Amino acid sequence: MRSLLAVLLTLSPGAVLAQETPPAPEAPAAEETPAAQEAAADVDVDERVTSTEGKVSSIEEQLAEIKSALSPLTKLKFSGYVQARYQYETTREDNTGGFSRFTVRRSRLKATYTGDIAQFMLQLDASPTAVSLRDAEATLFIPGTKQDQALTLGQLKWPFGYESVQSSGDREFPERTRVVRAFLPDERDRGLRYSGKFGVFRVSGGVFDGNGITNPGSIGVDNDKEKDVLGRAGFDLKWISGGISGWFGHTIAKGPTDTNRRAYERSRLGADVQLYLDFLPVGATAIKGEYIRGTTFLYNGVEKFGRPASGWYGLVVQNLGISNAVAVRFDHFDPANGTPTLADANDPTKPAGTNATDTIGLTAIHYFGEHLKLSATYEHPMTAVVAEAKDPHDDLFTLQMQARF
């Protein structure tokens, strides 16, 4: 008994101590060396760089796809303008003519696609009465010329003179001069044109039907097999430019006194010059002039076969700051060179249709930014008269607002 008690007394303290003694703490981890820490940091940076590079590569691929899709659109350009007007013409001496009207003179929409070696151009005009084709050009840029030389086939402007080629949206006066309207009506025709730039020199020329696009005998088609050759050789020194133009051709037609159709000469010779000066403190000054003479032309809607005519104009434009300008233009047109001033054969109080007409015009222009232009123009035609004949006094006032994009 005493032996069993002794064993119990011996074992009890050991059991208690075993229960109360906490477990031995784990040995602390060995401290990382600076080299190990740097290596771990490098691995983390590499992972982040790789992830970023992947995202950038994905974005670049998406941008490349977008650029490929939009690339054709960057070569396509739309432009256009609207010319809305109010016009007032005075009543003539015989109480004929005269009007007061609102009208839309031009409403153009133009699309141009320019590639490396080719260009497409289409321009339409929507008037209050119809939609008409103005320009339809297919152009080849001659390889190796950096687009300085080109061949164009289609319906396009005649490469003759200055005012006929100038855009109606850029011109200071509402309409072209009488001499240009007579010799180059609507400024366009169907044909083939070459144009080239050689330093300061400019050359353009081509072969055309010759009848234009609104000639009563050939609207949309040519009325004969005759073709006209015309062109212009000029220069451009920035402050001064100019050129000489020539036209040679024939038209097959039946004149008022003809029994059968026959060939009539259709020719023109012209010269033009433009000066751009900056010597006045109020703004730049432009001085422009042009002379044309020739045979067979369109006058008052009727083609005058074989009749010689000539005319010229002078224009001075003075800018007043950046938003205003004034211009004065004088133009002279003689529809029958060598014919004396006469009275109308049927009415001696009226001038003959062969008498020369001078027109002096004054216009004031205000620019509401680059997209809107307002102009007020007054033109005073002066027809040569003789004896009892009187000048018709058909003065014209035009208020025009032009919006463009």
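Anyway, here's the lowdown on the structure attached to this text. Small disclaimer: the values here were computed from a predicted structure and weren't measured.

For the rest of this paragraph, the subject is the nonpolar core. By size, the foremost hydrophobic cluster in this structure holds 18 residues, and its most contacted members are F183, L184, I292, F297 and F333. Every element with two or more residues in this core is listed here: α3 (178-183), β11 (283-299) and β12 (302-320). The element contributing the most residues to this core is α3, with four residues.

A few words now on the side chain of E172. Along the polypeptide, E172 turns up in the loop between β5 (149-157) and α3. With relative accessibility at 13%, the residue E172 sits in the buried group. Ignoring anything within four residues of it in the chain, the contact list for E172 reads K288, L315, V317, A327, T363 and I365.

In this section: unusual backbone geometry. With a phi angle near 55°, K146 is a residue other than glycine that sits in the positive phi range. Topologically, K146 is positioned in the loop between β4 (131-141) and β5. Using a relative accessible area of 77% as the deciding quantity, one classes K146 as exposed. Even without a glycine there, the phi angle at N300 is positive, about 55°.

Further remarks concern the packing of aromatic side chains. Applying the stated criterion across every chain yields a total of 10 aromatic pairs. Taking 5.9 Å as the distance between ring centres and 90° as the angle between the ring planes, the aromatic pair formed by F297 and F333 counts as edge-to-face. Here F297, found in strand β11, pairs with F333, found in strand β13 (residues 324-334); they are 36 residues apart in sequence, far enough to count as distant. For F297, a relative accessible area of 2% corresponds to the buried category. Aromatic ring contacts, followed pair by pair, group F183, F297, Y299 and F333 into a single cluster. Note that R101 overlies the ring of F99, its terminal NZ or CZ placed 3.9 Å from the centroid. Taking the ring centre of F173 as reference, the NZ or CZ of R329 above it sits at 4.3 Å.

Conventions adopted
Residues numbered from 1 in each chain as written. Predicted model: local features only at pLDDT ≥ 70, side-chain atom pairs only at ≥ 80, totals over all residues. Heavy atoms only, no water. Core = buried A, V, L, I, M, F, W, Y, C linked by side-chain atoms within 4.5 Å. Buried < 20%, exposed > 50% of the residue type's maximum accessible area, 1.4 Å probe, protein only. Helix = DSSP H or I, 4+ residues; strand = E, 2+ residues; numbered from the N terminus. Contact = heavy atoms within 4.5 Å. Phe/Tyr/Trp six-rings, centres within 6.5 Å; stacked < 30°, edge-to-face > 60°. Lys NZ or Arg CZ within 6 Å of the ring centre and 35° of its normal.

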